Amino acid sequence: MQTAATATIGSLAGLASSMMQEYDYFPEVRGRIPLELEGTLYRNGPGRFELGGVRKRHLLDGDGMIQAFDFAQGRVRYRNRFVRTRKYQAEQGAGRFVMPTWTTRAPGGMVRNVGNKIRSQAGVTVTLKNGCLYAFDEVGLPYGLDPDTLETWGERQVGPDDIHIDYKAHTKTDGRNGHWLLLGVEHGPRTWLDLVVRDGKGRQLGHQRVASPRPSYIHDWFFTERHVVILLHPVELSLPRFLSGLASFTDSLQWRPKKGNMVAVLDRAGAGSPVFLETDACFMWHSLNAFDLGDSIVADFVGYDAPDHFLGEKAAFRMIMDGKPGLQQNKGMLRRYIINVPGKCLAQDSLSEENHEFPMVDPDVAGHRHRFGHYTTAPGATVFHHGLARVDMNSGRREAVFVGDAAHLGEPVFVRDPSSAAEQGWLLTLGLDALTATSFLAVFRSDRLSDGPLARVLLTHSTPLSFHGYWHDRHA
Ligand SMILES: [Fe+2]
């Protein structure tokens, strides 16, 4: 008999399905799109999971595909285009996968994977700076694209050009002065952290390189007006296993909770030595935001007691590739670190024990004090979410809305309403309706979630899991 869990996973198979066609059309809109909403929502995520009879082993792995939703006068134009990375073009020509990616070795066994140089698929995040649309992976340089046509221009240098930096997909933009902060991680005999800071016009303001005390896999991080905080959770990379070609990058990672978390605190301007603090183990995909409060740093994030949904043969993100449910027993709970920098001590607090992911603040408060956090949510511990939540950090009040069990909602991108108070606006989320096997973009008021979506933009097909988005306002 099919269980509820298998039924849900089966109905969400569209998240793990490739979408090779490149579209350009005006979808049907149900409801009313606010006329003030004028601009483009860009999204990035894996668009192709298989080629030449080989399928990626993990949902979080595939060739990057940009989706664009252009909002104008209550209508929406939809487009999608693959990022023409060197990997994408070489494999298109060969008609098969030939290069290793972070969860899947290159076909051909150990001989073809010794030295395991993972190739960028430019398929995790997207951001627009100075007329260039950047698509980031977690290795190498980002790719630059034309923000109007989505044509791939090629790799773009975003830091010092005399050293190689593998940039993390998550970059940070200061909500007040527009400075752009980028983090790189180099795995080797030692693990190095590179912090690059650029001003709003793209000029480099600083670069600092810090030795990490452990070989952690990091996905996201924090910044404030004066500091950068990097959570070094105990997901450790076995370099010999990886470089020997015996295992992919993710299969060379191990969760070692007894080692606890280390938290690195850097001075954003590069003054002074980094401080390393220790606390209980928890795994973090994404930070919400952080800010300075006197001598302390307040850092909010979504943390799991263990990354069972991510690592291991039975992990949920692995098993969905075979249409099966997998392990996902730990909830993404809302946590806060309060770091006393001069006192070199860290306290932690629980903001909510409900299940969340994809945290989002108003970009205007990034790096500065926030009041509201926005998230995807679901009851229980599943990593496939069908609700949105807003948490008021002042009162602790949580408002949530759900769109039905047979649906999936992705990261809510916040768009500020200039006619409303600070941190009020709209949330744009790309969803999958499993009953119709089609995707939709839903528009919610951030301060009236329980009213349900103001509008749904109905695509004529499903789209695979899309990780992260960026809103470019036409009036900006
Ligand atoms: Fe992410």
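What counts and how
Residues numbered from 1 in each chain as written. Predicted model: local features only at pLDDT ≥ 70, side-chain atom pairs only at ≥ 80, totals over all residues. Helix = DSSP H or I, 4+ residues; strand = E, 2+ residues; numbered from the N terminus. Rg over C-alpha atoms; globule rule 2.2 N^0.38 Å. Buried ≥ 20, exposed ≤ 12 C-beta atoms within 10 Å, placed from the backbone. Contact = placed C-beta atoms within 7 Å. Pairing = 2+ DSSP bridges. Axes fitted to C-alpha atoms, helices over the stretch in contact; angles between N-to-C directions.

Novice: Quick question: what am I supposed to make of the overall build of the protein here?
Specialist: Each helix and strand in the protein was counted, giving 4 helices and 35 strands. For a compact globule of 476 residues, the expected C-alpha radius of gyration is about 23 Å, and the protein comes in at 21 Å, within 12% of that figure. Relative to its 476 residues, the protein shows a buried fraction of 51%. Contacts in the protein between residues at least 24 apart in sequence constitute 56% of all its contacts with a sequence separation of at least 6.

Novice: How should I be thinking about the pairing of strand S25 (residues 345-352) in this particular structure?
Specialist: Consecutive side chains of a regular strand alternate in pointing toward one face of the sheet and then the other. Where strand S24 (residues 333-340) and S25 come together, 7 bridges link them in antiparallel fashion. Looking across to S25, one finds that Tyr337 is bridged to Gln348. Between S24 and S25, which pair antiparallel and follow one another directly, the connecting turn spans 4 residues, one of which, Lys344, has a positive phi of 50°.

Novice: Looking at this model, I keep getting lost on the sheet that holds strand S7 (residues 75-82). Mind explaining?
Specialist: Two strands in a sheet stick together by hydrogen bonds in their backbones, pointing the same way (parallel) or opposite ways (antiparallel). A sheet is described by the order of its strands in space; here 5 strands give the open sequence S1-S7-S6-S3-S35, paired in antiparallel fashion. The open sheet has two edge strands, strand S1 (24-25) and strand S35 (468-473), and neither has a second partner. By the bridge criterion, 9 bridges tie strand S3 (residues 39-48) to strand S6 (residues 63-72) in an arrangement that is antiparallel. Its bridge partner being in S6, Arg43 is matched across the sheet by Gln67.

Novice: What is the right way to read the sheet that holds S24 from this model?
Specialist: Pairing is antiparallel in the open sheet, where 4 strands are placed in the order S22-S23-S24-S25. Of all the strands in the sheet, just strand S22 (283-293) and S25 have a single pairing partner and so form its edges. Looking at each pair of strands side by side, their axes are set apart by 25° on average, direction ignored. Bridge count for strand S23 (residues 296-304) against S24 is 8 bridges, and the pairing is antiparallel. Note on S24: the bridge partner recorded for Val302 is Leu334.

Novice: How should the environment of Ser273 be read in this particular structure?
Specialist: With respect to the helices and strands, Ser273 occurs in the loop between strand S20 (261-267) and strand S21 (275-279). Separated by 63 residues in the primary sequence, Ser273 and Val210 place their C-alpha atoms 9.0 Å from one another.

Novice: Explain unusual backbone geometry here, please?
Specialist: Backbone geometry follows two general trends: most residues other than glycine have a negative phi, and most peptide bonds adopt the trans configuration. Phi is positive for Glu423, close to 65°, though the residue is something other than glycine. Notably, Ala437 is not glycine yet its phi reads approximately 55°, a positive angle. Relative to the elements of secondary structure, Ala437 occurs in the loop between strand S32 (425-433) and strand S33 (438-445). Under the C-beta neighbour-count criterion, Ala437 is labelled partly exposed, with 13 such atoms within 10 Å.

Novice: In this structure, what is going on with the environment of Ile230? I would like to understand it.
Specialist: In this fold, Ile230 is placed in strand S17 (residues 227-232). Looking at Ile230, the number of C-beta atoms within 10 Å reads 25, which means it is buried. Along the primary structure Ile230 and Ala437 are separated by 207 residues, whereas in three dimensions their C-alpha atoms are 39 Å apart. Ignoring any residue separated from it by four or fewer positions in sequence, one finds Ile230 in contact with Leu193, Ile218, Trp221 and Ala264.

Novice: Just to check I follow, could you spell out the pairing of S7 for this structure?
Specialist: Alignment of S1 against S7, held across 2 bridges, turns out to be antiparallel. Within S7, the position partnered with Tyr25 by the bridge is Tyr78. Bridging between S6 and S7 involves 8 bridges; their strand directions are antiparallel. When the bridges of S7 are listed, Phe71 appears paired with Val76. Taking the residues between adjacent antiparallel strands as the criterion, S6 and S7 are bridged by 2 residues, where Gln73 takes a positive phi near 50°.

Novice: I keep staring at the environment of His164 and nothing clicks. Help me out?
Specialist: Position of His164 relative to the elements: it lies in the loop between strand S11 (152-155) and strand S12 (172-173). For the pair His164 and Ser17, spaced 147 residues apart in sequence, the C-alpha separation works out to 34 Å.

By themselves, these figures tell us nothing about what the structure is for.
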